[in-house]
Amino acid sequence: MQASLSLPTLSPTIPRSNYVVHSTLPLAPSKPINLRFCGLRREAFGFSSLSQSDSHRVRLAAASRSKKVSAALSDNGSAPKSFDYDLLIIGAGVGGHGAALHAVEKGLKTAIVEGDVVGGTCVNRGCVPSKALLAVSGRMRELQNEHHLKALGLQVSAAGYDRQGVADHANNLASKIRSSLTNSMKSLGVDILTGFGTILGPQKVKVGASDKVVTAKNIIIATGSVPFVPKGIEVDGKTVITSDHALKLESVPDWIAIVGSGYIGLEFSDVYTALGSEVTFIEALDQLMPGFDPEIGKLAQRVLINPRRIDYQTGVFASKITPAKDGKPVIIELIDAKTKEPRDTLEVDAALIATGRAPFTHGLGLENIDVATQRGFIPVDERMRVIDANGKLVPHLFCIGDANGKMMLAHAASAQGISVVEQVTGRDHVLNHLSIPAACFTHPEISMVGLTEPQAREMAQKEGFEVSIAKTSFKANTKALAENEGEGLAKLIYRPDNGEILGVHIFGLHAADLIHEASNAIALGTRIQDLKLAVHAHPTLSEVLDELFKSAKVKEHVSSPQAVAV
C-alpha cells in the first residue's frame, strides 16, 4: 500500500448526505487516497436480495427494453442507435461486481467483461487471501503469548504451523469467493463476457482478440490496479516479490525486507513475524506509517513494531534490489531520500515490494475517445463520469475504483459503481468519499474514517472554525478487559460549534468492525449530540464508541439535519 495518504479537495463542510439535487461539477479529478481493502456484497456469498421470481421479472423487463444488434468494426465513429446492453462493465472485480448486481436490481440488462479471472485483485491477489493469512497470524500470536494465556488461566504447548496448509487456506478462500461471485452474477442474469475489453468508440467495446463488438447505452471502466514496482528493483517472484507473490506463501524467509510501511507492508509484517521471520522496514519518508493519524501511528508503532522482531530505516530509498542467485543473498542498495547519497547496503533472504499500486488502464482504447490518463489514472468528475483531454465529459462513460485513483479501496470501488447505477437509472447521486472507512488488519487492528488531526486543523484554519479532540481508551472497556486486550485508543475529531464529525481513528481489538458506526454517522450527517443518545449493548466493544461520543463537548445543541433524498 502507498506509504502516503492524500484526501480529496475539501469543501467547507462535509456533505450531510450522499444524495444531492444540485451540485457544481469540478472537471479536475481530485488527488487519490491510496488505500486498498475489500468490500463484498452479500450476494457474493450466494444470498441475493432478489427472489428467484423477482430476478426472472427483472431479466424479462430488461430484455424487453434491449434488443440484440450486431455492430460492425467499420462504423466505430458514431454511437449506435440501439444497444446489446443497458450497461456494460469492463472489469469483474469487487467494483464491477457491486455495480452489476445493483444494475440488475434496477432492471438493467447488464454484461461484465473480464480478461483475467472474476474477483479482480481483491479476491484473487489482495484483501481476501491476505485476510486468510492474517487469521493464521492472529491465532499464532495468541498461542505464542504465554503471558496473555497465563492471565486467562490457559496452558498451551508450543504452537507450530504447516506452511503449505496455511497457503492452501488462503488459496481455498480465494477460490470459494471467486466461485460465489461468478455464481451470484450468473444467477441474476448478468452476462459474463470473457476477454480483454477495448473501447472502440462511443458506447462500443471490442471483447477479446476477435472482432466481436458489444454495444451498451452506458459503460463503466472498472479495471483496477497492479502492484507498483519502482525503477531499479528486479522482481523474480521468488526472493524479490510483490504482494501478488507473497500471498502464495511459497516460503517463510528468516529475514525479509519490506519496502514501504503502509497498509500492505504492515499487514505482511504481522504475518511474517508471527510465522517466525525477522523483518526490516525500508521507508522513504521520515516516519513509519505516514498515512495514519500521527497519534494513532505512534501508538501502533509502540505495539506493532517495537516489541516484535522488526527494525527499520526511514528516509531512504531502495535504489536497487537484486534477487538472490548463485548462493548470494538479496542485495538492497539504499540511498538518502533527500540527498540521494548512498546510505547502506542490506543483504537479506527476501524482499517484499509494498510501495503501492498503479492503475491498470493501458490498452483500454482510451485514445479512441480522446481520453488521456494522468499518471495512469483515468480522470473523472465527482459523479465518476470520464473527462476527455479537452476537459469535457465523455457521454455515457464512467470509471470507478483504482483506475480513477480517487480512493483505492475495493469497497470504495463498489460504492462508486452503485452510485453510477443510481445516476444512469435517473437518481442523481454523489458519493461522499470522506464517509468511506478504511482498515488495516494487523493485531490489534487499525481503522479510520474522515480526516486526520493535521488535515482537520488545516481545513479549520482555511475555513475559520474550531477543531476539538476527544479520546477514549480500550482499558476502560469491560469487554476488552475480559479479553485481556486493553491496549487501544479511539480518537474523535470534531467541530465543537455544531457537533459535526470530521474524523474517527481507532487502534485496538476489532477496530475494523467498530469504525462503521462513525462512517455511517458521517454519511448520514448525524451529529455528535444525537449520537450521545444512542444505546449500546453492555458489555460490548461498541461502548468504546459510545464513550467516545459522550466525552465530546459540543457548544450548541443542534439537531442533525435530515438527509435529502431524491
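The shown structure was predicted, so the numbers you read here are calculated from the model rather than taken from an experiment.

Conventions used here
Residues numbered from 1 in each chain as written. Predicted model: local features only at pLDDT ≥ 70, side-chain atom pairs only at ≥ 80, totals over all residues. Heavy atoms only, no water. Helix = DSSP H or I, 4+ residues; strand = E, 2+ residues; numbered from the N terminus. Buried < 20%, exposed > 50% of the residue type's maximum accessible area, 1.4 Å probe, protein only. Contact = heavy atoms within 4.5 Å. Core = buried A, V, L, I, M, F, W, Y, C linked by side-chain atoms within 4.5 Å. Axes fitted to C-alpha atoms, helices over the stretch in contact; angles between N-to-C directions. Parallel < 35°, antiparallel > 145°, perpendicular 65-115°, else oblique. Left-handed = near helix turned anticlockwise from the far one by under 90°. Pairing = 2+ DSSP bridges. Disulfide = S-S within 2.5 Å. Patch = residues over 30% accessible without salt bridge, like charges linked within 9 Å, V, L, I, M, F, W, Y side chains within 5 Å. Areas by Shrake-Rupley, 256 points an atom, 1.4 Å probe, with all protein chains shown as cover. Salt bridge = Lys/Arg side-chain N within 4 Å of Asp/Glu carboxyl O.

Undergrad: For the overall build of the protein, give the residues involved together with the corresponding values.
TA: A tally of regular secondary structure across the protein gives 15 helices and 23 strands. Within the protein, buried positions represent 55% of all 566 residues. Long-range pairs, those at least 24 residues apart, make up 69% of the contacts in the protein between residues at least 6 apart in sequence.

Undergrad: Can you break down the nonpolar core residue by residue, with the values?
TA: Grouped together as the largest cluster of nonpolar side chains are 53 residues, with contacts concentrated most on Leu88 and Ile220. Ranked by the residues each element gives to this core, the list is headed by helix α2 (residues 94-105), at six residues. Beyond its immediate stretch of four places on either side in the chain, isoleucine 220 contacts Leu87, Leu88, Ile89, Ile90, Ala99, Phe398, Ile400 and Val420. Residues Leu133, Ala167, Val271 and Ile296 belong to the second largest nonpolar core, which totals 48 residues.

Undergrad: Which residues make up the packing of α2 against helix α6 (residues 163-187), and what values go with them?
TA: For any two helices packed against each other, one specifies the crossing angle of their axes together with the interaxial distance. Packing of α2 against α6 leaves a shortest axis separation of 10 Å and a crossing angle of 25 degrees. Viewed along their axes, α2 and α6 adopt a mutual orientation that is roughly parallel. The crossing of α2 and α6 is left-handed. Contact residues: His97, Ala100 and Leu101 in α2; Leu181, Ser184 and Met185 in α6.

Undergrad: Any details on the sheet that holds strand β12 (residues 316-322)? Residues and values, ideally.
TA: Taking strand neighbours across the sheet as the criterion, the three strands line up as β12-β13-β14 in an open arrangement whose pairing is antiparallel. The open sheet has two edge strands, β12 and β14 (342-348), and neither has a second partner. The sheet shows a mean angle of 25 degrees between the axes of neighbouring strands, direction not considered. Relative to strand β13 (residues 330-336), β12 is paired through six bridges, and the arrangement is antiparallel.

Undergrad: Explain the state of the cysteines to me, using residue names and the numbers behind them.
TA: Enumeration according to the criterion identifies one disulfide in this entry. One disulfide bridge connects cysteine 122 with cysteine 127, the sulfur atoms lying 2.3 Å from each other. The same class applies to cysteine 122 as to cysteine 127, namely buried.

Undergrad: Describe helix α15 (residues 543-551), with residues and values.
TA: What α15 keeps buried is the set Glu543, Val544, Leu545, Asp546, Leu548 and Phe549. On its buried face, α15 is in contact with β21 (468-473), β22 (489-494), β23 (501-508), α13 (511-524) and α14 (528-531).

Undergrad: Describe the sheet that holds strand β15 (residues 350-353), naming the residues involved and giving the relevant values.
TA: A sheet is described by the order of its strands in space; here five strands give the open sequence β8-β15-β9-β10-β11, paired in parallel fashion. Looking at strand neighbours, the two that pair on one side only are β8 (240-242) and β11 (310-314), the edges of this open sheet. Geometrically, the sheet is characterised by an average inter-axis angle of 20 degrees between neighbouring strands, direction not taken into account. Summarising the sheet, strand β9 (residues 255-259) and strand β10 (residues 278-283) pair through five bridges and their orientation is parallel. Along β10, the bridge assignment pairs alanine 257 with threonine 280. Those strands touched by helix α8 (residues 263-274) are β8, β9, β10, β11 and β15, and its axis lies near 165 degrees from that of β10.

Undergrad: Report on a nonpolar patch on the surface, specifying residues and quantitative values.
TA: Nonpolar side chains collect at one region of the surface, where Leu143, Leu152, Leu154 and Val156 lie side by side and expose about 320 Å² of accessible area between them. Among the secondary structure elements, leucine 143 is positioned in helix α4 (residues 127-144).

Undergrad: Describe the pattern of salt bridges, and please don't skip the residues or the numbers.
TA: On inspection of all chains with the given rule, the structure shows 26 salt bridges. Across the salt bridge formed by aspartate 270 and arginine 308, the nearest N and O atoms sit 3.1 Å from each other. You can see aspartate 270 sitting in helix α8 and its partner arginine 308 sitting in the loop between α9 (294-305) and β11, a full 38 residues away along the chain. Side by side, aspartate 270 and arginine 308 carry an identical accessibility label, which is buried. Glutamate 487 is the salt-bridge partner of arginine 302, the closest N and O atoms lying 3.2 Å from each other. One end of the pair, arginine 302, is in helix α9; the other, glutamate 487, is in the loop between α12 (478-482) and β22, and 185 residues separate them in sequence. By sharing partners, the salt bridges in this structure join Asp293, Glu295, Glu453, Arg457, Lys471 and Lys491 into a single network.

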